[in-house]
Amino acid sequence: MEIIHGILSNAHRQAARVALSFDFPFYGHYLRQIIIATGGFIYMGEITHRMLTATQYVAPLMANFDPSFTKNSTVRYSDNGNLFVVQWDKVRLKDREAAGPFTFQAALHKNGTIVFNYKDIPLPVEEINSTEHPLKVGLSDAFMGHLPTSLLSEAKRRTIYEYHRVAIDTTKIVSGSAFEFTPLPTCLQHTSCDLCLTSNLTSSCGWCNTLQRCSDGIDRHRQEWLDYNCPEEAKGMCEDYNTVLPEQQSSFLSDIQTSPPNNGMTENTAIIAGVVAALVLLVALTLLAVYYINTHPTVAPPFYLMQRRTNNYWPSMKFRNQGCHSSYAEVELGGHEKEGFIEAEHCC
């Protein structure tokens, strides 16, 4: 059944959360709800803020559309359990209404495939003004890092880092055109150490036994990956995590109990004391390392090297609520706004 969203169909620069009837895989992360925006895109992030146009989007045609201009302009969606479709129907550009109505769709398939369909594109997309609103076509995802606000403060600032983007050549977008995106396998889909390290479908995957997660360290869980020292733990092999079976433990205990008493008690006591001291030292060093990573996440070796592959490999995105032309307000059923909370220095 197709649903016309009453609020979005009569608003400008508004966004509304919609629940999906299935888990949609986006960059390996399963989503059960998304946010539809009047500006021709879907926000796929879990953390909402005013600058939804920055990253974590599915954008068939992100532009300054104003569905409130005419009653014929609507934002509608449908969900049949296997396919979720959003359609921006007969929407017009703000302050360029005479250019004509745009009609296009974004279709999210249960298997992760994404399709952009364009029914009516009345003017070349490259001629759309991007001064008052970003103009983007494609996909994007990002992770959030927690950075200390100062060396003397325990407070942390959340900063979004875009780790992947797909941009479509806007000159290819014309009436009757379509684009299909097929998802690639990700490390996150592997649920065991053996699959994580031996699968031919993925590469550069590492297993973090503490989190019971397979990852290459570049996904939405990156901060947690660093917090639990997973980059170091992922260097190990599956054999390192194999536990002793109960039968083996019983046999071992039985051997100990039936062994004759040893007269060299002084020597054994010294060995045990040495092992205990070594374990205490190891635990102390591990806690120190975890503390350092938590307080200095951006200087962890993997993060440091990746950030410097190119100047803009992971562009930092910081948002401010005031003074941004392309800011969005999320609406609830009652039409109330939700305030953004991510600190920022610039808009785009």
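Each value, and the rule that gives it
Residues numbered from 1 in each chain as written. Predicted model: local features only at pLDDT ≥ 70, side-chain atom pairs only at ≥ 80, totals over all residues. Heavy atoms only, no water. Pairing = 2+ DSSP bridges. Helix = DSSP H or I, 4+ residues; strand = E, 2+ residues; numbered from the N terminus. Axes fitted to C-alpha atoms, helices over the stretch in contact; angles between N-to-C directions. Disulfide = S-S within 2.5 Å. Buried < 20%, exposed > 50% of the residue type's maximum accessible area, 1.4 Å probe, protein only. Polar contact = N/O pair within 3.5 Å; in protein donor to acceptor, adjacent residues only side chain to side chain. Contact = heavy atoms within 4.5 Å. Salt bridge = Lys/Arg side-chain N within 4 Å of Asp/Glu carboxyl O. Phe/Tyr/Trp six-rings, centres within 6.5 Å; stacked < 30°, edge-to-face > 60°. Core = buried A, V, L, I, M, F, W, Y, C linked by side-chain atoms within 4.5 Å.

(A) Layout of the sheet that holds strand β1 (residues 2–4). Ordered by their spatial adjacency, 6 strands build an open sheet running β1-β6-β7-β8-β9-β12, and the pairing between neighbours is antiparallel. In this open sheet, the two edge strands, each paired with only one partner strand, are β1 and β12 (178–181). Neighbour-to-neighbour, the strand axes of the sheet open up by a mean angle of 15 degrees, direction not taken into account. In this structure, β1 lies alongside strand β6 (residues 74–79), joined through 3 bridges in antiparallel fashion. The residue bridging Glu-2 from the neighbouring strand is Ser-78, located in β6.

(B) A look at the state of the cysteines. Scanning the entire structure with this criterion turns up 4 disulfides. The residue that forms a disulfide with Cys-193 is Cys-238, at a sulfur-sulfur distance of 2.1 Å. Because the torsion about its S-S bond is -100 degrees, the bridge between Cys-193 and Cys-238 counts as left-handed. A residue pair is termed long-range when its members are at least 10 positions apart, and Cys-193 in helix α1 (residues 193–198) and Cys-238 in the loop between α3 (230–233) and α4 (246–258) qualify at 45 residues. According to the relative accessible area criterion, Cys-193 is buried, its value standing at 12%. A residue is classified by how much of its surface remains accessible, and Cys-238, at 12% relative accessible area, is buried. Across a sulfur-sulfur distance of 2.1 Å, Cys-208 and Cys-230 are joined as a disulfide pair. Judged by the sign of its S-S torsion, about -55 degrees, the bond between Cys-208 and Cys-230 is left-handed. You can see Cys-208 sitting in strand β13 (residues 206–208) and its partner Cys-230 sitting in helix α3, a full 22 residues away along the chain. By relative accessible area, which is 0% here, Cys-208 ends up buried. On the accessibility criterion, Cys-230 (0% relative accessible area) is buried.

(C) Inspection of the environment of Thr-171 at higher detail. Looking at where Thr-171 falls in the secondary structure, it is placed in the loop between β11 (156–167) and β12. C-alpha separation for the pair Thr-171 and Glu-126, spaced 45 residues apart in sequence, amounts to 6.6 Å. At 2.8 Å, the side chain of Thr-171 forms a polar contact with the side chain of Asp-169.

(D) Molecular detail of the side chain of Ser-215. Within the secondary structure layout, Ser-215 lies in strand β14 (residues 213–215). Taking the relative accessible area as the measure of exposure, Ser-215 reaches 2% and is therefore buried. At a separation of 2.6 Å, a polar atom in the side chain of Ser-215 contacts the side chain of Asp-219. Residue contacts for Ser-215: discarding those within four places in its chain leaves Cys-187, Leu-188, Ser-204, Cys-205, Gly-206 and Trp-225.

(E) Quick peek at the pattern of salt bridges. Applying the stated criterion to the full structure yields 8 salt bridges. Asp-66 is paired through a salt bridge with Lys-94; the nearest N and O atoms lie 3.6 Å apart. With Asp-66 in the loop between β5 (57–62) and β6 and Lys-94 in the loop between β7 (83–91) and β8 (102–109), this residue pair connects regions lying 28 residues apart in the sequence. We classify Asp-66 as buried; its relative accessible area is 4%. For Arg-213, the salt bridge is made with Glu-224, and the minimal N-O distance between the two is 2.9 Å.

(F) Examining the packing of aromatic side chains more closely. Taken as a whole, this structure holds 11 aromatic pairs when the rule is applied. Ring geometry for Tyr-118 and Phe-179: centres 6.2 Å apart, planes at 80 degrees, overall edge-to-face. On the criterion of sequence distance, the pair formed by Tyr-118 in strand β9 (residues 114–120) and Phe-179 in strand β12 is long-range, its members being 61 residues apart. When sorted by exposure, Tyr-118 lands in the same class as Phe-179, which is buried.

(G) Highlighting the nonpolar core. With 40 residues, the main nonpolar core has Ile-36, Val-58, Phe-84, Phe-102 and Phe-116 as its most contacted residues. Per element, the largest residue contribution to this core is 6 residues, and it comes from strand β2 (residues 14–26). For Phe-102, the residues in contact, after removing those within four places along its chain, are Leu-61, Phe-65, Trp-88, Asp-89, Lys-90, Val-91, Leu-93, Asp-120, Ile-121, Pro-122, Leu-123 and Ile-128. Ranked by size, the runner-up nonpolar core spans 10 residues in total, among them Ala-15, Ile-35, Phe-41 and Ala-59.

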